[in-house]
Amino acid sequence: MKEELCSHNWEMINVQQGYIVTENCFRCRKTNTYFSVGEWPPLEEYREGEHFWNIMEVAQSIRFNLKCKVCGEVVQFSELAGLMMCTGCDEKCKVDSLMKELEKSRTWVYVAFGFFPVDERKQLSPEKITILEEYFNQRRKSSISRIKIVSSDMIDDIAVCFAEMIRDVGMLSLSPPENE
Amino acid sequence: MKLKEIIEKLSLVILTNVEDKEVSGVFISDMLSDVMSSAEMGNIWLTVQTHKNVVSAANLIDIAAVIVTNGKEVPEGTIELANRFHVIILSSPLSSFQLAGKLVEVGLE
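Residues numbered from 1 in each chain as written. Chains lettered and ligands numbered in written order. Predicted model: local features only at pLDDT ≥ 70, side-chain atom pairs only at ≥ 80, totals over all residues.

> Hey, could you run me through the overall build of chain B in this one?
A count of helical and extended segments in chain B gives 5 helices and 5 strands. Across chain B, helices and strands are ordered from the amino to the carboxyl terminus as α-β-β-α-β-α-β-α-β-α. Here chain B has a C-alpha radius of gyration of 12 Å; the compact-globule value for 109 residues is 13 Å, and the two agree. Each principal axis of the C-alpha distribution contributes one length, and for chain B these read about 30 × 25 × 25 Å. The burial tally for chain B puts 45% of its 109 residues in the buried class. Within chain B, contacts between residues at least 6 apart in sequence are counted, and of these 49% link residues at least 24 apart. (Helix = DSSP H or I, 4+ residues; strand = E, 2+ residues; numbered from the N terminus. Rg over C-alpha atoms; globule rule 2.2 N^0.38 Å. Buried ≥ 20, exposed ≤ 12 C-beta atoms within 10 Å, placed from the backbone. Contact = placed C-beta atoms within 7 Å.)

Okay, here's the thing in structure tokens:
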């Protein structure tokens, strides 16, 4: 009851630094992504049952929860792999159409991605996407622009999507400094 | 403090279209995930990153302006994207550390 009446005011809590790891099995060609919290990212291939996983990309990122400063409700976002701003690369894509429609009113469209494989991992619910959108719009409350967050389900063909997720790629070196 | 006043006082190089805005403070990081978690709307963001994703991160929080430090060249693709999404990109030959000092001198923290 308390939650229903609350006009939530979200804050980011439990921010955890880590790595979004993308790996590919050379036997079945499946792509797998996950969040790793270790001090160092995994870099070597390994076997898991019938899969032989090869690391394709490691990017630094964060994992977080949102907490309502008013009612104390906490929403976990462990299913969120990242956000991507739509830049309009495929006229047939529904996200592209939405972006072009909302661009006139300075509303920018971001796509929320879960982890791969999509059919094997729990994905963000529409309710959580709405909360995420509320949170980022609350952080830019006095701005003349707004943001809209949609699910990656709206993208028809991810293979032709040019945009990139907000994460830190290329910030890691495989070679340690010489003096260490 | 207004953005145009800061641009003038610090002789910043303008790389995109500029709208005057109120600046609320300064955020320094080269990590987009830091911006996503900790930057505040209206901050000036000092970074050496110049790739297109800088525009996505700045837009998410509504950063007042991105200042690319160390005189790093910003790719044309990043500037085009910034103009389309009304993200202001400026440049300075100073390091982030030196520029932060100058921003404090003009009254920003």
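Now that the structure has been shown, the text picks up again.
> Explain the overall build of chain A to me, please; I cannot follow it from the model alone.
Along its length, chain A carries 3 helices and 9 strands. In sequence order, chain A lays out its α and β elements as α-β-β-β-β-β-β-α-β-α-β-β. Principal-axis analysis of the C-alpha atoms places the extent of chain A at approximately 50 × 40 × 35 Å. Evaluated residue by residue, chain A yields a buried proportion of 23% over its 180 residues. Sequence-distant contacts in chain A: of pairs separated by 6 or more residues, those separated by 24 or more amount to 70%.

> Looking at this structure, I do not really get the environment of N9 of chain A. What am I missing?
Residue placement: N9 of chain A occurs in the loop between α1 (2-5) and β1 (10-25). Owing to 14 C-beta atoms within 10 Å, N9 of chain A belongs among the partly exposed residues under this scheme.

> Any chance you could explain the environment of S11 of chain B here in plain terms?
Residues and elements named next belong to chain B. Along the chain, S11 falls in the loop between α1 (3-9) and β1 (13-14). Using a count of 10 C-beta atoms within 10 Å as the deciding quantity, one classes S11 as exposed. The spatial distance from the C-alpha of S11 to the C-alpha of V68 is 13 Å, given a sequence separation of 57 residues.

> Would you explain the interface of chain A and chain B in this entry?
When the parts come together, some accessible area is lost, and that loss is often what is quoted as the size of the interface. In this assembly, 22 residues from chain A lie in contact with 15 residues from chain B. For the side of chain A that touches chain B, the secondary structure elements donating two or more residues are β1, β4 (51-68), β6 (82-85), β7 (107-113) and α3 (126-139) of chain A. Considering each element in turn, the side of chain A that touches chain B owes the most residues, 4 residues, to β4 of chain A. Classifying every residue of the side of chain A that touches chain B gives 12 nonpolar, 5 polar and 5 charged. (Nonpolar A, V, L, I, M, F, W, Y, C, P; charged D, E, K, R; others polar.)

> Hey, could you run me through unusual backbone geometry in this one?
One can expect most non-glycine residues to show negative phi and most peptide bonds to be in trans. Residue and element names in this part refer to chain A. Residue P117 follows F116 across a cis peptide bond; omega there is -5°. Take P117: it is sitting in the loop between β7 and α3. If you check the backbone angles, N14 has positive phi at about 50° while not being a glycine. Mapped onto the secondary structure, N14 falls in strand β1. Under the C-beta neighbour-count criterion, N14 is labelled partly exposed, with 13 such atoms within 10 Å. At R106, a residue that is not glycine, the phi angle is positive and equals roughly 55°. In this structure, R106 sits in the loop between α2 (94-103) and β7.

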